[in-house]
Amino acid sequence: MKLLTGNDLKSGAVTWWTGQDWSLHVEDAVDVGEHGEPILAREEALRRVNTPAIIDAVATPDGPRPAHIKHRIRALGPTVRPDLTLKPADPDAGGWVI
Amino acid sequence: MYKYDRFDQEIVDARVDEFRDQTRRRIAGELSEDQFKPLRLKNGLYLQLHAYMLRVAVPYGMMSGRQLRMLGHIARTYSRDYGHFTTRQNMQFHWIKLEQAPDILAELATVEMHAIQTSGESIRNISSDHFAGAAADEIADPRPWAELIRQWTTFHPEFSYFPRKFKIALTASDNDRVAALSHDIALKLVPGPDGEIGFCVHVGGGMGRTPFIAKLVRPYLPPQHLLSYIAAIMRVWNRYGRRDNIHKARIKILVHDLGAEEFTRQVEEEWQLMLPTEPPFPQAELDRIAVQFAPPPFETGLADTIDPAAAADPAFARWLTHNVHAHRQPGYAIVTVSLKPPGGIPGDITADQLELLADLAERYAFDELRSTHAQNVVLPHVRKADLHALWQALDAAGLATANVDLVSDIIVCPGLDYCSLANARSIPVAQKIADRFADYDRQKDLGELKIKISGCINACGHHHVGHIGILGVDRKGTENYQLLLGGSGAEDAALAKITGPGFDEDGVVDAVERTIERYRQLRTEGERFLDTYRRVGFEPFKEAIYG
Ligand code: HEM
Ligand code: SF4
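Caption draft 1: Expanded view of the site of ligand 2. Neighbouring residues of ligand 2: B:C413, B:P414, B:G415, B:C419, B:L421, B:A422, B:S454, B:G455, B:C456, B:N458, B:A459 and B:C460. Along the lines of polarity and charge, the residues of the shell around ligand 2 split into 8 nonpolar, 4 polar and no charged.

Caption draft 2: Seen up close, the interface of chain A and chain B. Contacts between chain A and chain B engage 23 residues on the former and 30 residues on the latter. Taken over both partners, the interface formed by chain A and chain B buries close to 2300 Å², and the fraction arising from carbon and sulfur atoms is 59%. The largest share of the area that chain A buries against chain B comes from A:K10, A:V80 and A:L84, three residues that together contribute 24% of it. At the junction of chain A with chain B, the criterion picks out 0 salt bridges. Counting across the interface, chain A meets chain B through 13 residue pairs in polar contact (both at pLDDT 80 or more). Elements represented by at least two residues in the side of chain A that touches chain B include exactly strand 4 (50-60) and helix 2 (69-76) of chain A. Per element, the largest residue contribution to the side of chain A that touches chain B is 4 residues, and it comes from helix 2 of chain A. Residue composition of the side of chain A that touches chain B, by class: 9 nonpolar, 8 polar and 6 charged.

Caption draft 3: Spotlight on the packing of aromatic side chains. Residue and element names in this part refer to chain B. Under the definition given, this model contains 20 aromatic pairs over all chains. Here the aromatic rings of W145 and F199 are separated by 5.0 Å at their centres, their planes lie at 85°, and the arrangement is edge-to-face. Of this pair, W145 sits in helix 5 (residues 143-153) while F199 sits in strand 9 (residues 197-203), and the two are 54 residues apart along the sequence. Taken individually, W145 and F199 each receive the classification buried, so the pair is uniform in this respect.

Caption draft 4: Molecular detail of the nonpolar core. All names here are of chain B. By size, the foremost hydrophobic cluster in this structure holds 107 residues, and its most contacted members are L71, L108, L187, F263, W319 and L357. Here this core takes 10 residues from helix 6 (residues 226-240), the largest share from any one element. In this view, F263 contacts V203, V217, I233, V236, I251, L254, V255 and L258; residues no more than four positions away in its chain are not counted.

Caption draft 5: Spotlight on the sheet that holds strand 5 (residues 63-66) of chain A. All names here are of chain A. Ordered by their spatial adjacency, 5 strands build an open sheet running 3-2-1-4-5, and the pairing between neighbours is antiparallel. Each having just a single partner strand, strand 3 (22-23) and strand 5 make up the two edges of the open sheet. Bridging between strand 2 (residues 14-17) and strand 3 involves 2 bridges; their strand directions are antiparallel. Of the residues in strand 3, the one forming a bridge with W17 is W22.

Caption draft 6: Molecular detail of the pattern of salt bridges. All names here are of chain B. In this structure the tally under the stated criterion is 61 salt bridges over all chains. Note that R143 and D141 form a salt bridge whose closest N and O atoms lie 2.6 Å from each other. Of the two residues, R143 and D141, neither departs from the other in class, the shared state being buried. Here R528 ties to D531 by a salt bridge, and the two come within 2.9 Å at their closest N and O atoms.

Caption draft 7: Looking closely at unusual backbone geometry. Residue and element names in this part refer to chain B. In this structure, Q89 takes a positive phi of about 70° despite not being glycine. With a phi close to 60°, H462 is a non-glycine residue in the positive phi region. The class for H462 is buried, based on a relative accessible area of 7%.

Caption draft 8: Summary view of the sheet that holds strand 5 (residues 91-96) of chain B. Residues and elements named next belong to chain B. Across the sheet, 5 strands lie side by side as 1-2-5-4-13; this open sheet has antiparallel pairing. Looking at the sheet topology across the chains shown, the edges are occupied by strand 1 (45-47) and strand 13 (348-350). Strand after strand, the sheet turns through a mean of 30° between neighbouring axes, direction not considered. In the sheet, strand 2 (residues 52-56) pairs with strand 5 via 4 bridges, with the strands oriented antiparallel. Bridging from a neighbouring strand, R55 pairs with Q92 of strand 5. Helix 2 (residues 33-41) contacts strand 1 and strand 2 of the sheet and is inclined by roughly 130° relative to strand 1.

Caption draft 9: Quick look at the environment of B:P501. By secondary structure assignment, the location of B:P501 is in the loop between strand 20 (497-498) and helix 16 (505-522). Through-space distance from the C-alpha of B:P501 to that of B:L483 is 8.3 Å; in sequence the pair is 18 residues apart.

What counts, and where the lines are drawn
- Residues numbered from 1 in each chain as written.
- Chains lettered and ligands numbered in written order.
- Predicted model: local features only at pLDDT ≥ 70, side-chain atom pairs only at ≥ 80, totals over all residues.
- Heavy atoms only, no water.
- Near = heavy atom within 4 Å.
- Nonpolar A, V, L, I, M, F, W, Y, C, P; charged D, E, K, R; others polar.
- Contact = heavy atoms within 4.5 Å.
- Buried area = accessible area lost by both parts, 1.4 Å probe.
- Salt bridge = Lys/Arg side-chain N within 4 Å of Asp/Glu carboxyl O.
- Polar contact = N/O pair within 3.5 Å; in protein donor to acceptor, adjacent residues only side chain to side chain.
- Helix = DSSP H or I, 4+ residues; strand = E, 2+ residues; numbered from the N terminus.
- Phe/Tyr/Trp six-rings, centres within 6.5 Å; stacked < 30°, edge-to-face > 60°.
- Buried < 20%, exposed > 50% of the residue type's maximum accessible area, 1.4 Å probe, protein only.
- Core = buried A, V, L, I, M, F, W, Y, C linked by side-chain atoms within 4.5 Å.
- Pairing = 2+ DSSP bridges.
- Axes fitted to C-alpha atoms, helices over the stretch in contact; angles between N-to-C directions.

Next comes the structure, spelled out in structure tokens:
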């Protein structure tokens, strides 16, 4: 599957395209198939996202899992600071990244 | 320490206002990211993996308590309670919001700090010896010269649109503590034929995908020609540097392609053309600056010893052995505060720790601090009589790890945990190595051993000049690590050699251990890892690593 992701223009936070809006949580991301480019162009022009990109992901029961480790680290947070990730209380979160 | 004059303050304040307006226009949509990116980079603002990242300049690594306290305030207010010292003596905050960046710069300006020229194709922060002004082995204080270069290179119109970034290092000791020969220009204060102190000039060092050790261009330059000679070097590069290819644009490639001799000839020729119209040397400005680097009011007649009762404490004694260096003033010592605690992230420092170090500097070190290229912090002038009290205060805050220059004092870039250019994580590798060699007696037995780790070929973690270097690469989407041996970033500078096929994360930690075990078998009494490597060569290590 294909996901749209970028950073929020004002805060820099990693965001994922949900079909209507941008979410901080990769679980909310939708498969855009071959239709990502026009959405990216529109959203960037609206300044709702900075440096957006289309990335590969794999559908899993827990939601989309980006194919590349870089995007999994973006989705969660730094692996060396679990306390600063989106799931500080989840001991298995690091395993999802690696 | 240098105090801003009216001009310094005005240009920094004006830059804050300018950037505030640029940021407003970006958020309002008047500027696209393509238009804005070069503007934010000129102010040290990157977009990294999780947020914007701000790199704050620490000119020649020197800070006051007030400045450190401000860095702590920024960490707490605008980032996530910590900052990170880089291998060029600067400080980075990894969790910055664009909309708050102008406010941060405004706050920094109130303590004479900024982020100007910490990124982009500009002359970057001047780095210098973190023991400057204190070291027993320096022939003169390099800081007045470093400050002069800082002023001259700030917003210099001719050098604002370079082919690539440009880094200058300045040192005044035979012991190179700033990795000078890995810089575009390495300046060393040396005595000339008539005894006057001038500069030995090397050009064309660098890391990145094509590493080079800087080449000797001039053994002695009379000091009054410093600025014109640097200008001649930069003019030759500005004219012939490869603007067509980002990977070939650095001056190191020009020096290499032309050869040191031909490059030198061109620089000298350019310089001769400049000499007739060379502006008079700004002696008055240098004098004005130099006064501000006058030695602090050291007490004289202090006992040059450490209280034996205190030194009987083995933990304190260890710290004295590794983290305390000779000062040129009897009764004083230089203290290195290790930011490499077991399990920690090299170079990271919390807001609380920044504030504590500010207090301790004010109390024990004439209000001076230094950041080091090895990502530690130095308190340069501490009375020997105060060492024990200082150590206790540091220890209570987790800042008294006794490991400077040992195997766990690892230089490491942020890598894939933070950096958008990374191929692999570098911090976890450093943590695993430090953990593997956590036992103090084992570290001490190994002696000086410098491990340096980068998460990609850009080499911010100096892997090319590590005694042992590690480079993270992307192998078909998985993290992989190459091992390098035999580099040095000191006065005996050398580039490390890749051992062979790469490893996964645990594999490279094992390979480092096999390398070190082979060293233990081969070394002679008191011989450092690097010297054993140089004596016996690459093969015995390769055999130990790959069997
Ligand atoms: C975009 C416009 C300009 C650029 C890029 C520029 C660039 C430069 C450069 C590179 C230098 C050499 C500085 C050095 O060697 O350290 C210089 C020197 C000088 N410029 Fe300009 N300049 C500009 C505009 C002007 C203007 C408008 C004036 C006068 C009205 C001016 C007057 C001078 C003078 C008097 C010097 C010699 C300063 C000295 O003796 O060091 N410049 N300029
Ligand atoms: S070496 Fe590469 S991964 Fe490390 S900080 Fe530099 S650019 Fe990022």
